[in-house]
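# Report on the structure
Here is what each chain is made of, one letter per residue.
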Amino acid sequence: MVKEYNKGSKIEYRKRDILYTAGLWLVSLILPDPHLPYRREFIKKRDFFYLGALLLLPLILSDRLVYLMVLAGIYAIVALGLSLFLGYAGQISLGHAAFFGIGAYTTAILTTRYGVPPLGAFGASALAAAVCAYLIGKPILKLKGYFLALATLGFGEIFLVMVRETRSLTGGVSGIFGIPWFSVAGFVFDTSLEQYYLVWGVLIALVLFAKNLVRSKMGRALLAVAASEDAAASVGINVAQVKVRVFVLSAAFAGLAGSLFACVLSTANPEGFGLGLSVLIVMMVIMGGMGNLYGPIFAAIFLTWLTDVLGGYQEYSLPIYGVILILLLIFFPDGVGTRLNERLIYLISYWGRKRRRERVDI
Amino acid sequence: MTPWVHIPQLLAAGITMGAIYALVALGFVIIVRASQIINFAQGEFVMLGGVVTFFFIKGAGLPYPLAALAAVLVVICIGLLLHLLVIYPLRKASVLILIMATVGASIVLSNTSALLFGTLPKALPPFSGDLPLEIGDIRIAPQGLWVFGATFFLFFVLYLLSHRTLLGKAMEASSTDPLGADLTGIARNFMVFLAFGVSAGVGAIAGVLVTPLFYTSYNAGTLLGFKGFIAAVVGGWGKNSGAILGGFVLGIVESTSIAFIPAGYKDAVAFVVLLLILYFRPKGILGSPYIDSRRW
């Protein structure tokens, strides 16, 4: 019996079949699984509305705002990846700017020193960030809370020092200049408008992928790990492995974003990849709401716009920025859009229930 | 010339640096012993201690000791305000929100200081002259001895506070067993409030002592804060003695590393030490009452 079964299941591949399957596998990442009952929910009406709005936005925006939307899209990619790690799996990372930087520097070095085409560098950036995340994630992801935050922050600082000191490779403090525009098969993305469609196209593909992921077995495992690691382990989830996998995945997202960042700005220097960027990205995820894929994208647009507006106030910008961060955290700790209706009702009835609010929490 | 020639001098420098890290680490430990919160703005208290003293001497014309005292008081007020405005509204928030809020507070404090006092690095005169003491081949700045003495003095004071006064015991109780503290009638939030004041005071004293040794600029606090935190983790999280030991270990490791690797990598050494200690012994050298090593 067993022998026959083995014989029957043996599949012979031609060489080109591997090519087809690789392509099919890539497509399957962003297509909804037809065998699952949620396929009607996968794309809702509001998704078409968002898509239409995205396509038409450049018509009404000024050049400056289109450029800001390009940046926002890049940060949204990082925030989307971090949302999987932070919002879904409930871990903390203050080191994602380092993965962003690794992506940017991989692209910068490969395209300027070795003449690799940008599309190849794009893939290599994700791979480099993922490998770094795997190496660093294996030991440190057993930590929790403050200590995980500190360990990832430490990784970010080590990355910055390495970039500043290995001048022969990364150009030190001044960085690398003259990174070529992103190009696919001879088509060069050299205007803000083309870059806008490039970045948001990549983002849409990644959103579809993330949507698939959070509804898969892995996505359920992430939620279980966030709820309780002990309970997750007791139902047979390999907690350590799940955490490393989602860390690697979110780092790969950051690497892709970093690669796009390097191609869009055509420079890479260590100033942009410090703790400030990590804080900004974590803020995007918090503002967007934990366990939410669209929230971080909206938050990315808002915070990119905010930092640009504040930039006009010169030396007052950072204190105001810090105060806004603290106020957002105090008044919207669960994200701005989370349970908006209930919270509005709560706010309206706030003063009426002042006495009852003073109960003891144990 | 082998790098070993410089080791004694680097050891002396490392002990001075270690005393500074120990002072900063003590600030973290005070808050953790009262509330399990880690204040990422701790380094800014150190920076403000130095910068505000400088302002009182140069701007207001106060004599040195009086200016230092006034600066410490001002920073204590800032610490109390930080608790009232940021930590108290977020007392039930998750760890992530608290981290982000204290990081936000640190951004506000450092950049407001840049706004008020300028971005130029500030230097104060040493307490007792510039002339270095020479012991054999080793040169020690007298200010280093001041820092060293102050570290152990503050350690002693904090020991008295937590072991000999009811207030200190109440502070510790509110961290180790919040429910029990509530039931015995300890005003837990007030204890955290006081702990922030004490911690800011220790940070400011560290700032006053450090500024004669190094130039203190508006952005010096963040890195110093992280290194103090690393010192507290290395020595044993949540222990005063651990903070002191961790500070000296970190200072000496960082200082002697200059003999073997390029000086530019010095800032990375502390973080490498952090990753190593978190991986191999998360509860630190002396062990920690708050971390159960089996679960980490």
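What you are looking at is a predicted structure, and each value in this text was computed from that prediction instead of being measured.

Rules used in this analysis
- Residues numbered from 1 in each chain as written.
- Chains lettered and ligands numbered in written order.
- Predicted model: local features only at pLDDT ≥ 70, side-chain atom pairs only at ≥ 80, totals over all residues.
- Helix = DSSP H or I, 4+ residues; strand = E, 2+ residues; numbered from the N terminus.
- Buried ≥ 20, exposed ≤ 12 C-beta atoms within 10 Å, placed from the backbone.
- Contact = placed C-beta atoms within 7 Å.
- Rg over C-alpha atoms; globule rule 2.2 N^0.38 Å.
- Nonpolar A, V, L, I, M, F, W, Y, C, P; charged D, E, K, R; others polar.
- Core = buried A, V, L, I, M, F, W, Y, C linked by C-beta atoms within 7 Å.
- Expected span 1.5 Å × (residues − 1).
- Axes fitted to C-alpha atoms, helices over the stretch in contact; angles between N-to-C directions.
- Parallel < 35°, antiparallel > 145°, perpendicular 65-115°, else oblique.
- Left-handed = near helix turned anticlockwise from the far one by under 90°.
- pLDDT = per-residue confidence, 0-100.

Tallying secondary structure elements over chain A gives 18 helices and 4 strands in all. Along the first, second and third principal axes, the C-alpha atoms of chain A reach 75 × 60 × 45 Å. When each of the 362 residues of chain A is scored for burial, the buried share is 43%. Contacts in chain A between residues far apart in sequence, at least 24 positions, make up 78% of those at least 6 positions apart.

On a plain count of helices and strands, chain B comes out with 11 helices and 2 strands. Secondary structure of chain B in N-to-C order comes out as α-α-α-α-β-β-α-α-α-α-α-α-α. For 296 residues, the compact-globule estimate of 2.2 N^0.38 gives 19 Å, and chain B sits close to it at 19 Å. Long-range pairs, those at least 24 residues apart, make up 75% of the contacts in chain B with a sequence separation of at least 6.

Once that is clear, we can look at the interface of chain A and chain B. Taken together, the contacts link 35 residues of chain A with 35 residues of chain B. For the side of chain A that touches chain B, the secondary structure elements donating two or more residues are α7 (118–140), α8 (145–165), α14 (275–288) and α16 (317–331) of chain A. Counting residues per element, the side of chain A that touches chain B draws most heavily on α8(A), which supplies 13 residues. Among the residues making up the side of chain A that touches chain B, the classes are represented as 27 nonpolar, 3 polar and 5 charged.

We now examine the nonpolar core. One finds A79(A), A129(A), M284(A), M100(B) and L274(B) to be the most contacted residues of the largest nonpolar core, which totals 207 residues. With 18 residues, the single largest contributor to this core is helix α1 (residues 7–35) of chain B. Once residues lying within four places of it in the same chain are set aside, the contact partners of A79(A) are I281(A), M284(A), V285(A), G288(A), P296(A), I297(A), A299(A) and A300(A).

Since the α-helix advances by 3.6 residues per turn, residues separated by three or four positions end up pointing in the same direction. Taking 1.5 Å of rise per residue, the 15 residues of helix α11 (residues 266–280) of chain B would be expected to cover 21 Å, and the 22 Å separating its terminal C-alpha atoms lies within 8% of that figure. For α11(B), the set of buried residues is A268(B), V269(B), A270(B), F271(B), V273(B), L274(B), L275(B), I277(B) and L278(B). Residues of α11(B) that are buried in the fold lie against α7 and α8 of chain A together with α9 (220–235) and α10 (240–257) of chain B.

On to the packing of helix α5 (residues 142–164) of chain B against helix α8 (residues 188–210) of chain B. All names here are of chain B. The interhelical angle for the contact between α5 and α8, taken along N-to-C directions, is 165°, at an axis separation of 10 Å. Taken as axis vectors, α5 and α8 run roughly antiparallel relative to one another. α5 and α8 meet at a crossing whose hand is right-handed. The residues of α8 that touch α5, namely those facing W146, V147, A150 and L154, are V202, I205 and L209. Taken together, the residues of the contact of α5 with α8 break down into 7 nonpolar, no polar and no charged.

Inspection of the secondary structure puts L306(A) in helix α15 (residues 294–311). When the C-alpha positions of L306(A) and L329(A) are compared, they lie 16 Å apart, and in sequence the two are 23 residues distant.

Moving on, we get to the confidence of the model for chain B. Predicted confidence across chain B gives a mean pLDDT of 84, with 96% of residues reaching 70 or more. Reported confidences for the modelled complex are a pTM of 0.87 and an ipTM of 0.87.

Let us look at the environment of T16(B). Residue and element names in this part refer to chain B. As for its position among the elements, T16 is in helix α1. Exposure remark for T16: the 21 C-beta atoms within 10 Å place this residue in the buried category. Considered as a pair, T16 and L275 are 259 residues apart in the sequence and their alpha carbons are 23 Å apart. Those residues within four positions of T16 in sequence are excluded, and the remaining contacts are G144 and V147.

Before going further, it helps to examine the confidence of the model for chain A. The predicted model of chain A averages 83 in pLDDT, with 90% of residues at 70 or higher. Summarising per-element confidence for chain A, the mean pLDDT is lowest in helix α1 (residues 2–9) of chain A (52) and highest in helix α13 (residues 239–265) of chain A (91).

All names here are of chain B. Running from N to C, helix α2 (residues 42–58) and helix α3 (residues 64–87) cross one another at 135°; their axes reach a closest spacing of 8 Å. Here α2 is positioned oblique relative to α3, judged by the angle of their axes. Relative to α3, α2 is oriented so that their crossing is right-handed. Facing F45, L48, G49, V52, T53, F56 and I57 of α2, the residues of α3 in contact are Y64, A67, A68, A70, A71, V72, V74, V75, I78 and G79. Of the residues that constitute the contact of α2 with α3, the class distribution is 14 nonpolar, 3 polar and no charged.

The subject of this paragraph is the environment of K239(B). Residue and element names in this part refer to chain B. Note on placement: K239 falls in the loop between α9 and α10. Spatially, the C-alpha atom of K239 lies 7.8 Å from that of P289, the residues being 50 residues apart in sequence. With near-sequence residues (within four places) excluded, K239 lies in contact with V29, L286 and S288.

The subject of this paragraph is unusual backbone geometry. Unusually for a residue other than glycine, S266(A) sits at a positive phi of about 55°. Considering the arrangement of structural elements, one finds S266(A) in the loop between α13 and β4 (267–268). Phi at Q36(B) takes a positive value of approximately 65°, unusual for a residue other than glycine. Looking at the element boundaries, Q36(B) is found in the loop between α1 and α2.

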